[in-house]
Amino acid sequence: MADTKVYRASTTAPVNIAVVKYWGKRDAKLNLPTNSSLSVTLSQSDLRTLTTASCSSTYTGDDSLLLNGEPSDVSGARTQACFRELRARRAALEAANAELPKLSTFPLKIVSENNFPTAAGLASSAAGFAALVQAIANLYELPDSPSELSLIARQGSGSACRSLFGGYVAWRMGEKEDGSDSKADLVAPASHWPSMRALILVVSASKKGVSSTSGMQQTVATSGLFQQRISTIVPANMALMEDAIKNRNFPQFAEVTMRDSNSFHATCADTYPPIFYMNDVSKAAIRAVEAINAQAGKTVAAYTFDAGPNCVVYYQEEDAATVLGAFAPLLATAEGWKDGSVVNASVKLDEGIAG
Ligand code: DP6
């Protein structure tokens, strides 16, 4: 009898915010980076992508994706690479076991929703591709580990490979030309440092000017500073950051986070023509964090910025009153924050998909 069943699986994936930034590709097709990076996974109760993947022999036409209720193009090379890799893994299982339904031959329907604005510059592509890959892996009942699946998510969007895990996650750049060693691994679960919190200051919810993909390509091609960043600055920051996490050393974690964000934005300014992601409000947030730390007499807060003006501030729960209190009047009064808001004043970390 023909198999007319609809097979379905769902998952959620978290957002991650890098504290040592990925910026630069050595292979654009395989999405291989010029440096390793490290991120912290944010709580899914506040920021997450929910994705359902289904397939059936009764589906007609091509694979499709509905993103926040709108049809979205899946013909791009990155989405195609993810579909191809996942199908190949499923096909291998089917070849080894004739009793398995031939899901790899059916069209896929993906439905994906973010619980935060997609265009807000809050790393939506990371959660999006991580959820897409995990949902299809669940649908296909693939035995692959999160690290193995990160190899596939990486081809969707580099930073997505880090969203397969919760907690503190490294993306090792790897050395192989085929990219088979360029994947994510868990540095420490969220439970290792449970007091860690993130505050997200939405400076602007509009879509960013220069996309990460194109910005980093321009930086690689034109910035002299960039060479120093990948050869010495990032390797040193990776070692210091892993050490800070291991020892739950917040001042060290904070200093490396802020220095690495500054170094990344310096290479953007050194790109020709220059790329500016931070605006005056972002810079005011930097000064506010400096003032908080100066007043506390120790480092209790750390800022970091991705390819956009929004600020993420890391702090520890015991300093919540100091950090949140210092931002409250700024958010209420400063002209620049008008268009801004705070996403869930304190974003706790959790264990992510794999936890
Ligand atoms: C500044 O992962 O969005 O957020 O691989 O081209 O999709 P593509 O780039 P993407 O770049 C993220 C850049 C960053 C730093 C980081 O997350 O490490």
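Data block above holds the structure.
Residues numbered from 1 in each chain as written. Predicted model: local features only at pLDDT ≥ 70, side-chain atom pairs only at ≥ 80, totals over all residues. Heavy atoms only, no water.

K.L.:
What is the right way to look at the overall build of the chain in this model?
P.N.:
Regarding its fold elements, the chain presents eight helices and 15 strands. Across the 355 residues in the chain, those meeting the buried criterion constitute 52%. Summarising the internal contacts of the chain: among those between residues at least 6 apart in sequence, 75% fall at separations of at least 24. For the chain, the accessible surface area stands at approximately 14,900 Å², while carbon and sulfur atoms represent 54% of it. (Helix = DSSP H or I, 4+ residues; strand = E, 2+ residues; numbered from the N terminus. Buried < 20%, exposed > 50% of the residue type's maximum accessible area, 1.4 Å probe, protein only. Contact = heavy atoms within 4.5 Å. Areas by Shrake-Rupley, 256 points an atom, 1.4 Å probe, with all protein chains shown as cover.)

K.L.:
Looking at this structure, how should I read the sheet that holds strand β9 (residues 108-114)?
P.N.:
The strands that make up a sheet pair up through hydrogen bonds in the backbone, lying either parallel or antiparallel. On the basis of which strands lie adjacent, the open sheet formed by five strands has the order β1-β6-β9-β7-β8 and mixed pairing. At either margin of the open sheet sits one strand with a lone partner, and together these are β1 (7-14) and β8 (70-72). Neighbour-to-neighbour, the strand axes of the sheet open up by a mean angle of 20°, direction not taken into account. The pairing of strand β7 (residues 64-67) with β8 spans three bridges and is antiparallel. (Pairing = 2+ DSSP bridges. Axes fitted to C-alpha atoms, helices over the stretch in contact; angles between N-to-C directions.)

K.L.:
Hey, could you run me through the site of the ligand in this one?
P.N.:
Taken together, 18 residues are adjacent to the ligand, and Tyr22, Lys25, Ser157, Ser159 and Thr213 come closest. Within the side chain of tyrosine 22, a nitrogen or oxygen atom sits 2.6 Å from an oxygen atom of the ligand. In this structure, an oxygen atom belonging to the ligand sits 3.2 Å away from a side-chain N or O atom of asparagine 31. Its free accessible area being 460 Å², the ligand has 94% of it covered by the protein chains. Among the elements that line the shell around the ligand, the one with the most residues is helix α4 (residues 212-222), at three residues. (Near = heavy atom within 4 Å. Polar contact = N/O pair within 3.5 Å; in protein donor to acceptor, adjacent residues only side chain to side chain.)

K.L.:
Is there a simple way to explain the packing of aromatic side chains in this structure?
P.N.:
Two descriptors summarise a pair of aromatic rings, namely the distance from one centre to the other and the angle between the planes of the rings. Enumeration over the complete set of coordinates arrives at nine aromatic pairs. Ring geometry for tryptophan 193 versus phenylalanine 253: centroids 5.5 Å apart, planes at 75°, classification edge-to-face. Of the two residues, tryptophan 193 is situated in the loop between β11 (184-188) and β12 (196-202) and phenylalanine 253 in helix α6 (residues 250-269); the sequence distance between them amounts to 60 residues. Tryptophan 193 gets classed as buried once you look at its relative accessible area, which sits at 2%. Put simply, the rings of Tyr168, Trp193, Phe250, Phe253 and Tyr314 pair up and form one aromatic cluster. Across the ring face of tyrosine 59, the terminal group of lysine 109 is positioned such that the distance to the ring centre comes to 4.1 Å. (Phe/Tyr/Trp six-rings, centres within 6.5 Å; stacked < 30°, edge-to-face > 60°. Lys NZ or Arg CZ within 6 Å of the ring centre and 35° of its normal.)

K.L.:
Would you explain the environment of serine 36 in this entry?
P.N.:
Summarising the element assignment, serine 36 is placed in the loop between β4 (32-33) and β5 (37-41). Given the relative accessible area of 16%, serine 36 is considered buried. Sequence-distant contacts of serine 36, that is, excluding residues within four places in its chain, are made with Val20, Lys21, Trp171, Arg172, Met173, Val234 and Met238. Within the structure, the side chain of serine 36 is placed 3.0 Å from the backbone nitrogen of methionine 173, a separation counted as a polar contact.

K.L.:
How should I be thinking about the sheet that holds β11 in this particular structure?
P.N.:
Overall, antiparallel pairing links the four strands, which are arranged β2-β5-β10-β11 in an open sheet. The open sheet terminates on both sides in strands that have one partner only, identified here as β2 (16-20) and β11. For this sheet the average axis-to-axis angle between neighbouring strands, irrespective of direction, equals 35°.

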